[in-house]
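# Examination of the molecular architecture
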Amino acid sequence: RERNSNILSELQFALTNFCLTKIEYNSGQNNITTRLIEPFALLNTENWLLVAFCRLRQEFRFFRLDRIRKMNVLSDKFQPHKMTLQEYFDKYH
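The following paragraphs examine the structure supplied in this document. (Residues numbered from 1 in each chain as written. Predicted model: local features only at pLDDT ≥ 70, side-chain atom pairs only at ≥ 80, totals over all residues. Heavy atoms only, no water.)

### Things to note about the overall build of the protein
Counting its secondary structure elements, the protein contains two helices and five strands. Here the C-alpha radius of gyration of the protein, 12 Å, is about what a compact globule of 93 residues would show, namely 12 Å. Projecting the C-alpha coordinates of the protein onto the three principal axes gives extents of approximately 30 × 30 × 25 Å. Relative to its 93 residues, the protein shows a buried fraction of 35%. Here the analysis covers contacts within the protein between residues at least 6 apart in sequence; of these, 53% occur between residues at least 24 apart. (Helix = DSSP H or I, 4+ residues; strand = E, 2+ residues; numbered from the N terminus. Rg over C-alpha atoms; globule rule 2.2 N^0.38 Å. Buried < 20%, exposed > 50% of the residue type's maximum accessible area, 1.4 Å probe, protein only. Contact = heavy atoms within 4.5 Å.)

What follows is the structure in structure tokens.
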């Protein structure tokens, strides 16, 4: 719970300041990948979810916070995405 809280506050900072973020992510089958992401939104469902543009996959993805092994908010900035969360859902779901 405390780990999630730290990740949430760091992600909030990354979201607000458009900071690139590097994560080590467990995809669920114990496949750990390193991703460079552009955080877009946080959603609270049964698990906290991060919506982010994944530079590896070149598309928006959902990331479960409880599967993020390591996270580093970088000083590098990215261009804000020109859409709202509602527009994201209309376009991708």
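### With respect to the pairing of strand β1 (residues 19-26)
Counted residue by residue, β1 has six buried out of eight residues, so it is predominantly covered. In this structure, β1 lies alongside strand β5 (residues 68-77), joined through six bridges in antiparallel fashion. Across the sheet, E24 pairs through a bridge with K70, a residue of β5. The sheet contact formed by β1 and strand β2 (residues 32-44) spans six bridges and is antiparallel. Bridging from a neighbouring strand, T21 pairs with I37 of β2. Where β1 folds back onto β2 in an antiparallel hairpin, the turn is made up of five residues, including G28, whose phi is positive at roughly 115°. (Pairing = 2+ DSSP bridges.)

### Some thoughts on the packing of aromatic side chains
A full pass over the atoms with the stated rule returns eight aromatic pairs. With 5.9 Å between their ring centres and 90° between their planes, F18 and F78 make a pair best called edge-to-face. Here the residue F18 occupies a position in the loop between α1 (2-17) and β1, and F78 occupies one in the loop between β5 and α2 (85-92), the gap between them amounting to 60 residues. Of the residues examined, F78 reaches a relative accessible area of 5% and is grouped as buried. (Phe/Tyr/Trp six-rings, centres within 6.5 Å; stacked < 30°, edge-to-face > 60°.)

### A word on the side chain of T21
Examined against the element boundaries, T21 turns out to sit in strand β1. From its side chain, T21 meets the backbone oxygen of C19 in a polar contact 3.3 Å long. (Polar contact = N/O pair within 3.5 Å; in protein donor to acceptor, adjacent residues only side chain to side chain.)

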